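# Analysis of the macromolecular model
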Amino acid sequence: DAKTTQPTSMDCAEGRAANLPCNHSTISGNEYVYWYRQIHSQGPQYIIHGLKNNETNEMASLIITEDRKSSTLILPHATLRDTAVYYCIVRSFGMTTDSWGKLQFGAGTQVVVTP
Amino acid sequence: GAVVSQHPSWVICKSGTSVKIECRSLDFQATTMFWYRQFPKQSLMLMATSNEGSKATYEQGVEKDKFLINHASLTLSTLTVTSAHPEDSSFYICSAPHYNEQFFGPGTRLTVL
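Here's a quick rundown of the structure. Computed from a prediction, not measured in an experiment: that's the story for all the values here. (Residues numbered from 1 in each chain as written. Chains lettered and ligands numbered in written order. Predicted model: local features only at pLDDT ≥ 70, side-chain atom pairs only at ≥ 80, totals over all residues. Heavy atoms only, no water.)

## A look at the sheet that holds strand β5 (residues 55-56) of chain A
The strands that make up a sheet pair up through hydrogen bonds in the backbone, lying either parallel or antiparallel. Residues and elements named next belong to chain A. Heads up, the rule is: Strand pairing follows a simple DSSP-based rule, namely that at least 2 bridges must link the two strands. Helix and strand definitions follow DSSP, with helices as H or I runs of at least four residues and strands as E runs of at least two, each counted in order from the N terminus.
The strand order across the open sheet built from four strands is β2-β7-β6-β5, with neighbouring strands paired in antiparallel fashion. Pairing within the sheet leaves two strands with one partner each, and these edge strands are β2 (18-23) and β5. Bridge count between β2 and strand β7 (residues 70-75): six bridges; the pairing is antiparallel. Pairing of Pro21 across the sheet is with Thr72, part of β7.

Structure below.
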């Protein structure tokens, strides 16, 4: 699976939008972009994923560039509870649950939301 | 979303003993589960893939005789850290895929004295 590059850390003011970039320039056609976050001493939590279209759910929005070489996770109104390490992961598509690519975690971005 | 549980949430043991960690998918079946390890201030490292009814597959550098994995049913995988030593102290996390998502357990904190 393709590797990703993320900034090491990012600060965000409470109530503002947090825009988290991710570079995945070697992504291939059968690979999805996944975002997870990990709050301290907890298991990772799924946020969102996408292939090429922009996606939005109750937690966040995912903007993927047309060439798919980078993406941005947007937390529309950051709260203190959004302080976590955010991981951008590229994962290959599978026809069955068992054949999806493994989730390999990089270093992620430490996001600190301040009052 | 689907729920994955782990037990225990934390464990302290003496050096040389073995520790078993359970991972359960509570409301779905999982023929595959994954085990990760996370050291302080580091990212998650994939250790192995647990396969129901067959042998686990281990990532490069992970000792299969040290970390025994059993996936005896469609909802339960166990990781046994054999002859644990202080350097095995870590946060162990399991996950299970459900459709195109992967759900993670809350983790087990292992401290070896």
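## A word on the state of the cysteines
Our working rule: To count as a disulfide, a pair of cysteine sulfur atoms needs to be within 2.5 Å. Exposure classes here rest on a 1.4 Å probe applied to the protein chains alone. A residue is buried below 20% of its type maximum, exposed above 50%, and partly exposed in between.
Applying the stated criterion across every chain yields a total of two disulfides over all chains. The disulfide that involves Cys22 of chain A links it to Cys88 of chain A, with 2.0 Å between the sulfurs. Given an S-S torsion of about -80°, the disulfide between Cys22 of chain A and Cys88 of chain A has left-handed geometry. In this pair, Cys22 of chain A sits in strand β2 while Cys88 of chain A sits in strand β8 (residues 84-92), placing the two residues 66 residues apart along the sequence. Accessibility classification places Cys22 of chain A together with Cys88 of chain A in one group, the buried group. Linked covalently through their sulfurs, Cys23 of chain B and Cys94 of chain B form a disulfide whose S-S length is 2.0 Å. Every disulfide takes its handedness from the sign of the S-S torsion; for Cys23 of chain B and Cys94 of chain B that torsion is 80°, giving right-handed. Placement of Cys23 of chain B in strand β3 (residues 19-25) and of Cys94 of chain B in strand β9 (residues 90-98) is noted, with a sequence separation of 71 residues between them. Both residues of the pair, Cys23 of chain B and Cys94 of chain B, belong to the buried class. Free cysteine: Cys12 of chain A, not disulfide-bonded; nearest cysteine sulfur from Cys22 of chain A at 18 Å. No disulfide involves Cys13 of chain B; its sulfur sits 18 Å from the nearest other cysteine sulfur, which is in Cys94 of chain B.

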